[in-house]
Amino acid sequence: MTTRQRITVLGATGSIGQSTLDVILRHPDRYEVHALTGHSRLDDLLLLCQQHRPKLAVVATATDAAAFSERLRKAGLATDVLHGEAGLCEVAAASEVDAVMAAIVGAAGLRPTLAAVRAGKKVLLANKEALVMSGALFMQAVRDSNAVLLPIDSEHNAIFQCLPGGYAQGLAAVGVRRILLTASGGPFRETPLAELADVSPERACAHPNWSMGRKISVDSATMANKGLELIEACWLFDARPSQVEVVVHPQSVIHSLVDYIDGSVLAQLGNPDMRTPIANALSWPQRIDSGVPPLDLFSIARLDFHKPDEQRFPCLRLARQAAEAGSSAPATLNAANEVAVAAFLDRRIRYTEIASMIEAVLAKEPCVVLDSLDAVFDADARARRAAEQWLTQASR
Ligand code: NAD
Ligand code: MG
């Protein structure tokens, strides 16, 4: 019998976290859960603890930890409870852990994800914001620690599957011309532009193909998500922004493509279900059943492709500009977007103001070199302050 891999799931109560645990449950011979973390939705975390019996759970605060411990005891579980960022970093770096699913949303995931990287773990990266904020430092930490970084984003996992194993020497060395990053176009691909100012958070979160957390759902509607993914692809695959082309593909069946200099274009196809990239990364370089039904090409029948419309999706243009500017621009873009999306979900700003706010913050904040984690968090904090300031002016 082979030993089971011990897994920490950061962000276990979220959409990616729950899909990860669904795949893990199908393979009790291969995986066991070391730690689960959740920020809110502690009822869900309790259910997950009952199902997976982790050694540790991590919640937000000391008060939450005391109350959650009590609930675990009453449920007859021996799970210990930690809290806060220190707790998250501890379970990400613990010596008995083999792999870490990094599925916290937003900048809050950066320190715990980096803790897993620095401890040389197999890191399954869903938390794209962490990489976007700290790109060069993050990738240097991967090289220094020999961590194995596996992309969970469906597009990046598709690209990873379409590249030969030795692509780390650079795309040119393996004959790659371009990466084609597919995008569904989200719920507003065809909505009249004049209607966009009045769309509600509920409409923005109703993605036609994928079921996801609220922040990434809004990012998918604005295509800020594709912009973050463009930056993510540049870091993961050592590509220039000009080598990454975005293709709108409404069916979300092709998850991305790699274009080689001999004219070959390799694509990865599948049903839009995150359990496929999760299972792929968990078991890499082997393959396991993910629970995803086989792709039925006859019922799909056709695949469409369009150029993205930058008037409809200004966030994509802004992200490309930030990718080209480099240094702190991606961290600034990410922070402004996080504040803007939260404000939109709270009905403090209109949908169309998300892009206006990011543009204003990018124009205001200087582009500086990020040579330490402190510098990354400084740029993040400055951009958040500028975004909050914009909010108070806008809602005068
Ligand atoms: P979600 O909102 O469903 O879940 C987020 C998780 O993060 C929850 O467990 C929550 O408790 C935790 N969390 C939130 N704020 C936190 C904080 N301050 N400190 C600690 N934990 C906190 O989000 P999701 O859709 O699962 O997305 C998670 C990440 O995966 C995001 O970075 C997203 O971009 C990426 N991703 C998601 C999908 C998808 O299909 N959902 C696809 C590709 C990439
Ligand atoms: Mg994606």
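This text goes with the structure placed above it.
A brief structural summary. What you see is a predicted model, and the numbers here were worked out from it, not measured in a lab.

## Observations concerning the overall build of the protein
Here's step 1: For the protein, the count of helices and strands is 16 helices and 11 strands.
Here's step 2: Here the protein has a C-alpha radius of gyration of 20 Å; the compact-globule value for 396 residues is 21 Å, and the two agree.
Here's step 3: Principal axes of the C-alpha set define a box for the protein whose edges measure 55 × 55 × 45 Å.
Here's step 4: The burial tally for the protein puts 57% of its 396 residues in the buried class.
Here's step 5: Considering only contacts within the protein whose residues lie at least 6 apart along the sequence, 70% involve residues at least 24 apart.
Here's step 6: For the protein, the accessible surface area stands at approximately 16,900 Å², while carbon and sulfur atoms represent 52% of it.

## Describing the pairing of strand β7 (residues 148-151)
It is a general feature of regular strands that their side chains alternate between the two faces of the sheet.
Here's step 1: Sheet analysis places strand β6 (residues 122-125) next to β7, joined by four bridges and oriented parallel. Paired with lysine 122 across the bridge in β7 is valine 148.
Here's step 2: In this fold, the crossover linking β6 to β7 by way of helix α6 (residues 128-145) has right-handed handedness.

## What to know about the coordination of the magnesium ion (ligand 2)
Here's step 1: Those protein atoms acting as donors to the magnesium ion (ligand 2) are Asp153 (OD), Glu155 (OE) and Glu229 (OE), and they sit at 2.1 Å.
Here's step 2: Between consecutive donors of the magnesium ion (ligand 2), the numbers of intervening residues give the motif D-x1-E-x73-E. Separated by 76 residues along the polypeptide, aspartate 153 in the loop between β7 and α7 (154-162) and glutamate 229 in helix α10 (residues 224-237) bring together distant segments of the chain. The same class applies to aspartate 153 and to glutamate 229, which are both buried.

## Side note on the sheet that holds strand β5 (residues 99-102)
Here's step 1: Taken in spatial order, the seven strands of this open sheet run β4-β3-β2-β1-β5-β6-β7, and their pairing is parallel. Single-partner strands in this sheet number two, and they are β4 (80-83) and β7. Taken pair by pair, the neighbouring strands of this sheet meet at an average axis angle of 25°, ignoring direction.
Here's step 2: Taken together, the three bridges between strand β2 (residues 31-37) and strand β3 (residues 56-59) define a ladder with parallel strand orientation. Bridge pairing links leucine 36 to alanine 57 in β3.
Here's step 3: Against the sheet, helix α5 (residues 110-118) makes contact with β1 (5-10), β5 and β6, and its axis sits at roughly 150° relative to β6, the strand it touches most.

## Focus: the sheet that holds strand β11 (residues 265-269)
Here's step 1: Taken together, the four strands give an open sheet; going across it, the order is β9-β8-β10-β11, and neighbouring strands pair in mixed fashion. The sheet is open, and its two edges are formed by β9 (244-248) and β11, each paired on a single side. For this sheet, the mean angle separating the axes of adjacent strands, direction not counted, is 20°.
Here's step 2: The strands touched by α7 are β8 (176-183), β10 (254-260) and β11; relative to β10, the strand with the most contacts, the crossing angle is about 40°.

## Some details on the site of ligand 1
Here's step 1: Within the structure, ligand 1 sits among 23 residues, and Thr13, Ser15, Ile16, Glu129 and Gly213 are positioned closest to it.
Here's step 2: Here an oxygen atom of ligand 1 sits 2.9 Å away from a polar atom, N or O, in the main chain of serine 15.
Here's step 3: Relative to its free-state accessible area of 830 Å², ligand 1 is covered by the protein chains to the extent of 87%.
Here's step 4: When residues of the shell around ligand 1 are traced back to their parent elements, those giving at least two are α1 (15-25) and α6.
Here's step 5: Of the residues in the shell around ligand 1, the class split is 11 nonpolar, nine polar and three charged.
Here's step 6: Looking at which domains feed residues into the shell around ligand 1, each of domain 1 (5-151) and domain 2 (155-310) supplies at least three.

## Examining the nonpolar core
Here's step 1: In this structure, Phe68, Phe138 and Phe237 are the most contacted members of the largest nonpolar core, which totals 136 residues.
Here's step 2: Beyond its immediate sequence surroundings of up to four residues, phenylalanine 138 is in contact with Leu110, Thr113, Leu114, Val117, Leu125, Ala130, Leu131 and Leu149.

## Section: the pattern of salt bridges
Here's step 1: A full pass over the atoms with the stated rule returns 27 salt bridges.
Here's step 2: Taking the shortest distance from any N to any O, the salt bridge between lysine 128 and aspartate 153 comes out at 2.8 Å. Of this pair, lysine 128 sits in helix α6 while aspartate 153 is found in the loop between β7 and α7, placing the two residues 25 residues apart along the sequence. Taken as a pair, lysine 128 and aspartate 153 share a single burial class, namely buried.
Here's step 3: Note that arginine 177 is salt-bridged to aspartate 259, the shortest N-O span being 3.3 Å. Taken together, the positions of arginine 177 in strand β8 and aspartate 259 in strand β10 put the pair 82 residues apart, joining distant regions of the chain.
Here's step 4: Taking relative accessible area as the criterion, arginine 177 reaches 40% and is therefore assigned partly exposed.
Here's step 5: Given a relative accessible area of 4%, aspartate 259 falls into the buried group.
Here's step 6: Taken together, the shared-partner salt bridges connect Lys128, Asp153, Glu155, Lys226 and Glu229 into one network.

## Quick word on unusual backbone geometry
Here's step 1: Cis geometry marks the peptide bond from tryptophan 284 to proline 285, where omega comes out at 5°.
Here's step 2: Located in the positive-phi region is arginine 53, a residue other than glycine, with phi close to 45°.
Here's step 3: With respect to the secondary-structure elements, arginine 53 resides in the loop between α2 (42-52) and β3.
Here's step 4: One non-glycine residue, aspartate 238, lies in the positive phi region at around 55°.
Here's step 5: Its location among the elements puts aspartate 238 in the loop between α10 and β9.
Here's step 6: By relative accessible area, which is 57% here, aspartate 238 ends up exposed.

Cut-offs used in this document
- Residues numbered from 1 in each chain as written.
- Chains lettered and ligands numbered in written order.
- Predicted model: local features only at pLDDT ≥ 70, side-chain atom pairs only at ≥ 80, totals over all residues.
- Heavy atoms only, no water.
- Helix = DSSP H or I, 4+ residues; strand = E, 2+ residues; numbered from the N terminus.
- Rg over C-alpha atoms; globule rule 2.2 N^0.38 Å.
- Buried < 20%, exposed > 50% of the residue type's maximum accessible area, 1.4 Å probe, protein only.
- Contact = heavy atoms within 4.5 Å.
- Areas by Shrake-Rupley, 256 points an atom, 1.4 Å probe, with all protein chains shown as cover.
- Pairing = 2+ DSSP bridges.
- Right-handed = clockwise from strand over helix to strand, strands pointing away.
- Donors = N, O, S within 2.8 Å, 3.2 Å for Na, K, Ca; no water.
- Axes fitted to C-alpha atoms, helices over the stretch in contact; angles between N-to-C directions.
- Near = heavy atom within 4 Å.
- Polar contact = N/O pair within 3.5 Å; in protein donor to acceptor, adjacent residues only side chain to side chain.
- Nonpolar A, V, L, I, M, F, W, Y, C, P; charged D, E, K, R; others polar.
- Domains from an automatic or database assignment.
- Core = buried A, V, L, I, M, F, W, Y, C linked by side-chain atoms within 4.5 Å.
- Salt bridge = Lys/Arg side-chain N within 4 Å of Asp/Glu carboxyl O.

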